[in-house]
Amino acid sequence: MKFAFLDQVVASGANFLSVILLARALGIYELGRFTLAWMLIEFMATLQFAAIIQPMLNIGPKQPDADRVHYFQAVLVQQVAVSLLLGSLVGAGVELVGVLLGNPGLTGFALPLCAGVVVYQLYEFFRRYLFARGHPGAALGIDILRFGLQLAAIAALPFVWPGATGEAGIWIIAAACAVAVTQGARLFGPMRWDAAVFRSVLVRHWHFSKWLLPSSFMFWTTSQAYLAVAGIMLGATATGALKAATTITGIFNLLLLSLDNFAPVQAARAMHVGGHAELKRYIIRLGSLCMTLMAGGVAVLNIAPDQLVHLIYGDDYQGLGQLVRLLCAPVAVYAFTAVLVIWAAAQENTRLIFWSYVVATPVGIVVAFPMVEYFGLTGLVLCSFLVECIRAAVLLVPLARWSGRSRNEPTRMGEPHSETVT
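In this report, the structure presented in the accompanying data block is examined. Worth saying up front: this structure is predicted, and the values here are computed from it rather than measured.

1. Here's the deal with the overall build of the protein
Across its full length, the protein holds 15 helices and zero strands. Over its C-alpha trace the protein gives a radius of gyration of 21 Å, about what one expects of a compact globule, namely 22 Å for 422 residues. Considering only C-alpha atoms, the protein reaches an extent of 60 × 45 × 40 Å along its principal axes. A total of 422 residues make up the protein; the buried ones form 53% of that total. Contacts in the protein between residues at least 24 apart in sequence constitute 83% of all its contacts with a sequence separation of at least 6. In the structure as shown, the protein presents an accessible area of about 17,900 Å², 69% of it carried by carbon and sulfur atoms.

Rendered as structure tokens:
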């Protein structure tokens, strides 16, 4: 857990600095273009996480020692195939849309986005794999390598390429991820193809992910898609402003992304070894820790947000302090929801996660455009807060019922627990 937190300090801190350096190097308009393009990479990464990484984090720890190496080899084959497929689709799709619209600014993103989708997904796979195998120090090394190169290149950007565009930011991140991928592949070791193992893993991952994939799409719709709404209705400059504000509240990602590194694995082990009672104890401890840290972070950010914005970004980004304050609310609720999702995933009950999005997403879609029309960026934040509250409520009700039943349902070590919540 200590390594996971330290790793996320490096990752979140470097991402924070990267956005600041890009904001100063590109300006608010090109930062908006970069944000809209990077949003597409993040969307593909969300699908990848649901189809490959999240099943790996929950199923991998349950594998017998003799089968574990073959399991992860089969998962890597899936990862490579999915990365190449999605990267090709993104590159071809952006190129086609740019040609049809006669927009050379859009076609210029086709190649960097294709490369970015492939290498970013592979980078994410290797770092999560190392955590799943109990090698957090190696995962930290890969992150230090990637972000060290990335920050150095972005810092040099104003001197090497004055007036750089958003495409340059995508190329820099893709190149840094590619170097980290080579190190991750070296640590992974040799590959051995086993068709039977691959089919078995594919079927089990599909059983786990069949509810997570549509959930991931709806997650993107209720979070990252708001950046697209801002770009469509308010312009790239508004998208840049929203990105700058969310980067400041991104301090909370230090906690939330740290959870992804260790909590799913630990929760799965607690369920597998100690049954419902042990999982319940783990979730209570995890939730208490998360809410305490979130409360402290919210208090700090609300002291003087305007001065903080000026200190970080300079004079071009004034007036974002109130937006920073507002963004704290949906992020805090999302942290609570993240703990509930870890509880559901530990039981392989991904259908519950899916239904939380089914209930919340239509509300977000219906409310988003009128809220932006009347309240601008503030309306987007309020819409996001509403969606997260709905998701938390949908997950909290079955958790309360399960908590009561779990007292009378002892579980033997090693007994399967999928689909235990209805």
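That covers the picture; the talk isn't over yet.
2. Looking at helix α4 (residues 110-132)
Here α4 is 23 residues long and its end C-alpha atoms lie 33 Å apart, about the 33 Å a rise of 1.5 Å per residue gives. Of all 23 residues that make up α4, 20 are buried, and the element is covered over most of its length. Positive backbone phi, at 80 degrees, marks Gly134, one or two positions downstream of α4.

3. Considerations on the packing of aromatic side chains
Tallied over the entire structure, the rule returns eleven aromatic pairs. Between Tyr120 and Tyr123 the ring centres are 6.3 Å apart and the planes differ by 35 degrees, which places this aromatic pair in the tilted class. Taken together, the residues span about one helical turn, with Tyr120 and Tyr123 both in helix α4 at a distance of three residues. You can call Tyr120 buried: its relative accessible area is 10%. Exposure remark for Tyr123: the relative accessible area of 1% places this residue in the buried category. Relative to Phe188, the ring of Tyr129 has its centre 4.7 Å away and its plane inclined at 50 degrees; by these criteria the two rings are tilted. Here the residue Tyr129 occupies a position in helix α4, and Phe188 occupies one in helix α6 (residues 166-188), the gap between them amounting to 59 residues.

4. Some thoughts on the environment of Ser216
By the element assignment, Ser216 lies in helix α8 (residues 212-221). Separated by 138 residues in sequence, Ser216 and Phe354 place their C-alpha atoms 8.4 Å apart.

5. Observations regarding the pattern of salt bridges
Should the charged atoms of two oppositely charged side chains come close, the side chains can pair. Applying the stated criterion to the full structure yields seven salt bridges. The closest approach of N and O atoms between Arg33 and Glu30, which form a salt bridge, is 2.8 Å. Of this pair, Arg33 and Glu30 are both found in helix α1 (residues 2-59), three residues apart, which corresponds to roughly one turn of the helix. Glu167 serves as the salt-bridge partner of Arg33, at 3.3 Å between the closest nitrogen and oxygen. Here the residue Arg33 occupies a position in helix α1, and Glu167 occupies one in helix α6, the gap between them amounting to 134 residues. Under the relative-accessibility criterion, Arg33 is labelled buried at 15%. What you see here is one network of salt bridges that share partners, running through Glu124, Arg127, Arg128 and Asp143.

6. Digging into the nonpolar core
Counting residues in each nonpolar core, the largest one holds 124 residues, and the members touching the most others are Phe125, Leu286 and Tyr313. In terms of residue count, the dominant contributor to this core is α1 (25 residues). Setting aside anything within four residues of it in sequence, one finds Leu286 in contact with Leu259, Phe262, Ala263, Val339 and Ile342.

7. Things to note about the packing of α4 against α6
Between α4 and α6, the shortest axis-to-axis distance is 8 Å and the interhelical angle comes to 35 degrees. As for the relative orientation of α4 and α6, their crossing is left-handed in sense.

8. Considering α6
The end-to-end C-alpha separation of α6 is 33 Å, in line with the 33 Å expected for 23 residues at 1.5 Å each. Downstream of α6 by one or two residues, Gly189 has phi in the positive range, about 95 degrees.

9. Some words on the environment of Arg351
The topology assignment puts Arg351 in helix α14 (residues 350-375). Separated by 143 residues in sequence, Arg351 and Phe208 have C-alpha atoms that sit 8.9 Å apart.

10. Description of the environment of Ala346
Of note, Ala346 is situated in helix α13 (residues 321-346). Using a relative accessible area of 1% as the deciding quantity, one classes Ala346 as buried. Along the primary structure Ala346 and His272 are separated by 74 residues, whereas in three dimensions their C-alpha atoms are 8.7 Å apart. Discounting residues that sit within four places of it in the chain, Ala346 has contacts with Asn58, Lys62, Ala267, Ala268, Met271 and Leu279.

Conventions adopted
- Residues numbered from 1 in each chain as written.
- Predicted model: local features only at pLDDT ≥ 70, side-chain atom pairs only at ≥ 80, totals over all residues.
- Heavy atoms only, no water.
- Helix = DSSP H or I, 4+ residues; strand = E, 2+ residues; numbered from the N terminus.
- Rg over C-alpha atoms; globule rule 2.2 N^0.38 Å.
- Buried < 20%, exposed > 50% of the residue type's maximum accessible area, 1.4 Å probe, protein only.
- Contact = heavy atoms within 4.5 Å.
- Areas by Shrake-Rupley, 256 points an atom, 1.4 Å probe, with all protein chains shown as cover.
- Expected span 1.5 Å × (residues − 1).
- Phe/Tyr/Trp six-rings, centres within 6.5 Å; stacked < 30°, edge-to-face > 60°.
- Salt bridge = Lys/Arg side-chain N within 4 Å of Asp/Glu carboxyl O.
- Core = buried A, V, L, I, M, F, W, Y, C linked by side-chain atoms within 4.5 Å.
- Axes fitted to C-alpha atoms, helices over the stretch in contact; angles between N-to-C directions.
- Left-handed = near helix turned anticlockwise from the far one by under 90°.

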